[in-house]
Amino acid sequence: MAVLSQILVVNAGSSSLKLRVLGDADEVTGSADLPPPRDADHGVAIKAAIERFGEVQAVGHRIVHGGDEFSGPVLIDQGVRQRIGALTDLAPLHQPKSLDALDAVTAVLPGVPAVACFDTAFHATIPAAAATFALPAQWRERWSLRRFGFHGLSHAYVSRRAADLLGSGLRLVSCHLGAGASLAAVRDGHSVDTTMGFTPLDGLVMATRSGSVDPGLVLWLQTHAGIPAAELGDALENRSGLAGLAGTPDLREILTRAAAGDAQAELAREVYLHRLAASVAAMTAALGGLDAVAFTGGVGENSAEIRSRAADRLGFLGVHVDHDRNDTAPSDRDISPPDAPVRVLVIAAREDIEIARQVREVIPP
């Protein structure tokens with residue numbers, strides 16, 4: 001059977017624009033990491049990178065927010081581009097980067113079909129009980145206030161890869177741990193709950209983002225301390241999380257300092273792990289049990305200490321790691337002891353493969 005090949009995957013993050021070309025077996029045949037698009041000169045760099053790749057048959061774009069409108073991948077035309085742009089208010093820090101990259105690549109490859117792949121779409125299956133905020137109905141209906149969830153492309157790939165390794169029908173908690181971090185409760189490949197909410201600010205402690213905070217505290221800071229909304233937003237997004245707790249967003253540095261007895265770093269590590277373990281337990285409740293936990297992302301894949309300490313806190317759920325496997329094995333492996341009731345996996349983050357899969361779903365070969 002013919003398979004669509006030479007798919008350009010465009011992933012616009014906060015600090016880089018990642019371009020990957022995947023062949024028919026999902027092998028990477030071209031790669032470039034560029035600064036995010038900012039000006040006309042950057043279009044020259046994007047054009048040069050794409051020309052080095054040779055023929056491109058299709059393009060897949062990671063789009064952070066699909067709102068209520070997009071629950072799956074969609075072929076991009078001018079109307080779709082406008083509808084994605086209209087969702088910018090829901091993700092003002094992330095959506096513009098996705099759109100800038102889309103426009104820049106389209107200018108270089110105007111005749112190549114392109115597909116929008118949404119980070120929120122995987123969570124469209126979350127039931128109403130998990131997605132609905134206990135807010136006035138008028139607000140929820142007027143502004144589409146609900147739990148959208150994010151990192152869906154990563155969680156979707158992890159759930160598929162876990163099924164490859166362990167079989168289908170899993171009750172899986174997917175742990176995407178990087179500068180941004182979220183969990184997803186996945187039952188037989190379908191998301192039933194997640195830790196991020198209306199925005200990517202909710203949930204776990206992250207590098208510079210606070211994660212879940214009592215909304216009354218935020219209101220108090222605004223009304224009693226007189227902190228403007230813009231400053232609050234900047235602090236919660238860019239000066240909180242690990243950076244707020246330990247003065248650095250780098251978890252590797254924090255773990256090194258904590259091991260040397262730095263009290264501030266120890267507190268940051270423990271706050272991070274407390275929220276992580278409590279959230280895995282909450283996801284397990286949403287699943288009605290637990291068959292596997294999968295770690296992915298920069299921290300999830302590379303920090304044996306975080307995996308080990310998290311497992312220590314989750315032993316009551318049957319989560320354990322084999323320390324030799326945890327310390328030495330490569331990615332896409334089972335690091336739990338042979339007799340553990342819950343399997344613990346480490347899976348390399350491959351959003352590019354998930355995006356290419358969705359492109360093939362939309363565009364025939």
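Residues numbered from 1 in each chain as written. Predicted model: local features only at pLDDT ≥ 70, side-chain atom pairs only at ≥ 80, totals over all residues. Heavy atoms only, no water.

Trainee: I tried to follow the sheet that holds strand β4 (residues 58-63) on my own but got confused; where do I start?
Mentor: Backbone hydrogen bonds are what pair the strands of a sheet, in a parallel or an antiparallel way. Strand order in the open sheet formed by six strands is β3-β2-β1-β4-β6-β5, with mixed pairing between adjacent strands. With one partner strand each, in any of the chains shown, β3 (28-34) and β5 (74-75) form the two edges of the open sheet. Together, β1 (7-12), β2 (17-22) and β4 form the strand contacts of helix α3 (residues 95-108), whose direction differs from that of β4 by roughly 165°. (Pairing = 2+ DSSP bridges. Helix = DSSP H or I, 4+ residues; strand = E, 2+ residues; numbered from the N terminus. Contact = heavy atoms within 4.5 Å. Axes fitted to C-alpha atoms, helices over the stretch in contact; angles between N-to-C directions.)

Trainee: Sorry, what's going on with the side chain of Arg 209 here?
Mentor: Relative to the elements of secondary structure, Arg 209 occurs in the loop between β9 (190-194) and α7 (215-223). No salt bridge is formed by the buried Arg 209; its nearest oppositely charged neighbour, Glu 237, is found at 4.1 Å. In terms of polar contacts, Arg 209 uses its side chain to reach the backbone carbonyl oxygen of Pro 200, at 2.9 Å. If we ignore the near neighbours within four places in the chain, the residues touching Arg 209 are His 94, Gly 180, Met 196, Pro 200, Leu 201, Leu 236, Glu 237, Ser 240 and Gly 241. (Buried < 20%, exposed > 50% of the residue type's maximum accessible area, 1.4 Å probe, protein only. Lys, Arg positive; Asp, Glu negative; His and termini not counted. Salt bridge = Lys/Arg side-chain N within 4 Å of Asp/Glu carboxyl O. Polar contact = N/O pair within 3.5 Å; in protein donor to acceptor, adjacent residues only side chain to side chain.)

Trainee: What am I meant to see in the packing of helix α6 (residues 152-166) against helix α15 (residues 351-362) here?
Mentor: Between two packed helices, what matters for the description is the angle formed by their axes and the separation of those axes. Orientation of α6 relative to α15, taken along the N-to-C sense of each, is 90°, at an axis distance of 8 Å. Here α15 runs roughly perpendicular to α6, going by the angle between their axes. For the pair α6 and α15, contact is made by Leu 153, Ser 154, Ala 156, Tyr 157 and Arg 160 and by Glu 351, Ile 353, Glu 354, Ile 355, Arg 357 and Gln 358, respectively. Here the residues of the contact of α6 with α15 sort into five nonpolar, two polar and four charged. (Parallel < 35°, antiparallel > 145°, perpendicular 65-115°, else oblique. Nonpolar A, V, L, I, M, F, W, Y, C, P; charged D, E, K, R; others polar.)

Trainee: How should the sheet that holds β9 be read in this particular structure?
Mentor: Strand order in the open sheet formed by six strands is β9-β8-β7-β10-β12-β11, with mixed pairing between adjacent strands. Looking along the sheet, the strands with just one partner apiece sit at the ends: β9 and β11 (333-334). Pairing between strand β7 (residues 171-177) and strand β8 (residues 181-187): seven bridges, direction antiparallel. By the bridge assignment for β8, Val 173 is matched with Ala 185. Packed on one face of the sheet, α6 meets β7, β8, β10 (292-296), β11 and β12 (343-346) and runs near 130° to β7. Lying over the sheet, helix α11 (residues 263-287) contacts β7, β8 and β9, oriented at roughly 20° with respect to β8.

Trainee: Please clarify how the pairing of β9 should be interpreted in this entry.
Mentor: Both faces of the sheet carry side chains from a regular strand, because those side chains alternate between them. Burial analysis of β9 places four of its five residues in the buried class, which makes it a mostly covered element. One ladder, built from four bridges, connects β8 with β9; its direction is antiparallel. If you follow Ala 184 over to β9, its bridge partner there is Thr 194. Hairpin connection of β8 to β9: two residues between the antiparallel strands, including Asp 188 at a positive phi of 50°.

Geometry only, nothing functional implied.
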